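Now for the letters of each chain:
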Amino acid sequence: MLIRRRRGYELPESQVTPEALVLNRRALFGAGAALLPAAASAQSAAGPVPPLPEHQRNMRFRAERDITAEREATTYNNFYEFGSSKSIARDAARMPLRPWTVKVDGMVANPREFAIDDLIRMMPIEERVLRLRCVEAWSMVVPWTGFPLAELMKAVQPQAGAKYLAFQTASIPAVMPGLRQTWYPWPHVEACTVEEANNELAFLAIGNYGKPLQGSNGAPIRVLFPWKYGFKSGKSIVRITLTDRRPNTFWGTIQPSEYGFWANVNPEVAHPRWSQASERVLGTGERVRTQLFNGYGEFVSGLYTNLQNERLWT
Ligand code: MTE
């Protein structure tokens, strides 16, 4: 393994002062506060987002493709709460991110409502470079910061009968114009099984590109299932409910024949309206072949061996 010694002047990206703090520094000085991370964190309950904690990249997950330009990944998005265009980043930047709580309830021994910064402090934070494959046949590679969903499950202890997790996205009408499209089944809910949640690949992201998540990518916390189509990866999560019934999901309610519960990536199973054999790489426009389970079969194929009668690929 290559061990890289850091020179004195090299800072990990995670230590770089977040842009929002730099831009806010006049306001901070005006309020008589020094521009120190500790001062910024102390204010986090009221407004500013603290920097990410110190963390390392987990090299077990290799994308084997170039990382997508940050600007592409943060400005070409699907986030229907802000509308159905890809250009929602500016509106999403207006989402209030603190205070923010994530409630974990339902069939757990230890139901909790976490203040987001307490949750981040409790969890083992790491970076993973992961591929994300949208059902619309575009893809990107992003360095995400966060922690395994399984670690959150350890903290809340699912009951023996719990089978599914439902992830609910925030509904904030004052900043989310998409919520006015009342024909969509708000709030946005996506779901997985407890077994999938405990798989080491299932990840809760709080940052990308070494910085706290931007609104457009699902700040302050979103889930990632890199082996499934991207629509399963709910953004801006406020509640996770464990249940023994398969939850109704946002896209599954809108169009069940096109967007099923499992939605595992498979190049050989076409979407009813287009092929899934290849994908457009965001930023370069290059077309590459799509891989079974988005290339993560070694981690997840065992989850599906007894589910041959299920529609695993839509
Ligand atoms: N989560 C919510 N709440 N609302 C959405 O519209 N879109 C999904 C998913 N999560 C969506 C969502 C889809 S279709 C995709 S492809 C990914 O988010 C896109 O994530 P990105 O914008 O960070 O690339």
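How each quantity is defined
- Residues numbered from 1 in each chain as written.
- Predicted model: local features only at pLDDT ≥ 70, side-chain atom pairs only at ≥ 80, totals over all residues.
- Heavy atoms only, no water.
- Helix = DSSP H or I, 4+ residues; strand = E, 2+ residues; numbered from the N terminus.
- Buried < 20%, exposed > 50% of the residue type's maximum accessible area, 1.4 Å probe, protein only.
- Contact = heavy atoms within 4.5 Å.
- Pairing = 2+ DSSP bridges.
- Near = heavy atom within 4 Å.
- Polar contact = N/O pair within 3.5 Å; in protein donor to acceptor, adjacent residues only side chain to side chain.
- Areas by Shrake-Rupley, 256 points an atom, 1.4 Å probe, with all protein chains shown as cover.
- Nonpolar A, V, L, I, M, F, W, Y, C, P; charged D, E, K, R; others polar.
- Core = buried A, V, L, I, M, F, W, Y, C linked by side-chain atoms within 4.5 Å.

Colleague: Would you mind showing me how to read the environment of Ala170 here?
Modeller: For Ala170, the position within the fold is in the loop between β6 (164–169) and β7 (189–193). The class of Ala170 is buried, set by a relative accessible area of 5%. For Ala170, the contacting residues outside a window of four places in its chain are Glu81, Trp100, Met176, Ser236 and Val238.

Colleague: Help me understand the pairing of strand β12 (residues 278–281), please; the structure alone is not making it clear to me.
Modeller: The side chains of a regular strand alternate, first on one face of the sheet and then on the other. Only one face of β12 is buried, namely the one carrying Glu279 and Val281, since none of Ser278 and Arg280 on the opposite face is buried. Sheet analysis places β12 next to strand β13 (residues 287–289), joined by 3 bridges and oriented antiparallel. In the sheet register, Arg280 faces β13, and the bridge partner there is Arg287. Taking the residues that link successive antiparallel strands as the turn, the β12-β13 hairpin has 5 residues, and the phi of Gly283 there is positive, at about 100 degrees.

Colleague: I keep staring at the site of the ligand and nothing clicks. Help me out?
Modeller: Around the ligand there are 17 residues in total, and Tyr80, Glu81, Asn217, Ser233 and Lys235 lie nearest to it. Take Asn78: an N or O atom from its main chain is 3.2 Å from a nitrogen atom of the ligand. One of the side-chain nitrogen or oxygen atoms of Arg222 is found 3.1 Å away from an oxygen atom of the ligand. In isolation the ligand offers 530 Å² of accessible surface; the protein chains occlude 99% of this area. In the shell around the ligand, the residues fall into 6 nonpolar, 8 polar and 3 charged.

Colleague: Please explain the nonpolar core as it appears in this structure.
Modeller: Generally speaking, nonpolar side chains in soluble globular proteins are found buried as a group. Ranked by internal contacts, the top residues of the largest apolar core, which has 83 residues, are Trp144, Leu149, Leu152, Leu165, Ile221 and Trp227. Ignoring sequence-local partners within four residues, the contact set of Trp227 consists of Glu196, Asn199, Leu201, Ala202, Asn264, Val265, Phe293, Asn294, Tyr296, Val300, Leu303 and Tyr304.

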